[in-house]
Amino acid sequence: MYKRESTMQQLLKEFLLDKISEPLPTNVKIVEGSIPIVFFCNVEKAEIATLSLNPSNIEFEHNGVRRCVDRKHLKVSDSQKLTREQAESVYQSLLLFFQVNPYKTWFNPMNKLFQSKGFEYYNDKIVHLDISPWATSNKWDSLSREERESIIDTSIIKKVIEKRGIKKLFINGKTAFNVFCDTLSLNRNDIQQSTFTYTTQNGNNRSFIIYETEIFNCKVVGWNLYIHQGCPQDLVIKINDYL
């Protein structure tokens, strides 16, 4: 069993190294000196995964402190393909992303959704993936349809789920869930929707929706609220029911 897992992990690593090595796309304005972030956190140990649209331009450096190895660090031009050694250094920095200088403003609210059940980015039990691994200079919603489609890469999601054996994938927000479904051409009739009502601190009734489906033998759970704009405790409880 261990030998099979080791082989699967090596196949996944080789695939990810090839993706990391790719030069920047030329038909979309990508953050200069960046690399495709094919995962955040320890993809070799993670048990569940989270998913969003694409990396932020501040995933690479903040207040002068680098978050992960990129082309600026490697002194490689945007049009060059990385060597195996260079790709390996990027890979290792992504494994250690949450031990160095993580983007806490975005990841900590996500982390709080799962930590009561023992799953955290900080203990290597969650890996984060994106529908596109490329950090764009412009926000996702300002890109044209053609630009978005040209940088989407669901093969990374598929490979990580299958080779790592991820059984649960969580998607934050209606926009990311819809892009995910459209990209994979999922049949909307196969997506279960459940609506829940909760009471705000002001005494007002509000609702949220939980989406459920399955891909690559992996349970997919999404929700319509974008938790960085507020997350009711009732939603946290419902998400925890899937862990």
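It should be noted that the structure appears before, not after, this text.
In this report, we go over the structure that sits alongside the text. Keep in mind that what you see is a predicted model, and the values were worked out from it rather than measured. (Residues numbered from 1 in each chain as written. Predicted model: local features only at pLDDT ≥ 70, side-chain atom pairs only at ≥ 80, totals over all residues. Heavy atoms only, no water.)

Considering the nonpolar core
Put simply, the test is: Put simply, buried Ala, Val, Leu, Ile, Met, Phe, Trp, Tyr and Cys residues joined by side-chain atoms within 4.5 Å make one nonpolar core. The rule is simple: take the accessible area with a 1.4 Å probe, protein chains only, and divide by the maximum for that residue type; under 20% is buried, over 50% is exposed, in between is partly exposed. When checking whether two residues touch, look at their non-hydrogen atoms; a contact exists if any pair is within 4.5 Å.
Judged by nonpolar contacts, the single largest core of 82 residues is most densely connected at Leu16, Phe39, Val43, Val127, Leu169, Phe180 and Trp223. With sequence-adjacent residues up to four places away left out, Val43 is seen in contact with Gln9, Leu12, Leu16, Tyr91, Leu95, Val127, Val160 and Arg164.

Focus on the sheet that holds strand β1 (residues 48–52)
Put simply, the rule is: For two strands to be treated as a pair, DSSP must find no fewer than two bridges joining them. In this text, helices come from DSSP runs of H or I with a minimum length of four residues, and strands from runs of E with a minimum of two, each type numbered from the N-terminal end. Angles shown run from 0 to 180 degrees and are taken between the N-to-C directions of axes, each axis being a line fitted to C-alpha atoms and, for helices, limited to the stretch in contact.
The strand order across the open sheet built from six strands is β4-β1-β5-β8-β7-β6, with neighbouring strands paired in mixed fashion. Edge strands, defined here as strands with exactly one partner in the open sheet, are β4 (126–130) and β6 (192–199). Neighbour-to-neighbour, the strand axes of this sheet turn through a mean angle of 25 degrees, independent of strand direction. Each of β1, β4, β5 (168–172) and β8 (218–223) touches helix α5 (residues 104–114); the most contacted strand, β1, lies at about 140 degrees to it. Sheet strands in contact with helix α8 (residues 174–183) are β1, β5, β7 (205–215) and β8, and its direction is about 125 degrees off that of β5.

Quick look at the side chain of Ser132
Selection rule: Think of a polar contact as two N or O atoms within 3.5 Å of one another; within protein, one of them needs to be a possible hydrogen donor and the other a possible acceptor, and neighboring residues in sequence only count if both atoms come from side chains.
Along the chain, Ser132 turns up in the loop between β4 and α6 (145–151). At 2.8 Å, the side chain of Ser132 and the backbone oxygen of Ile151 are in polar contact. Dropping the residues within four chain positions of it, Ser132 is found in contact with Leu53, Asn54, Pro55, Trp140, Ile151, Ile152 and Asp153.

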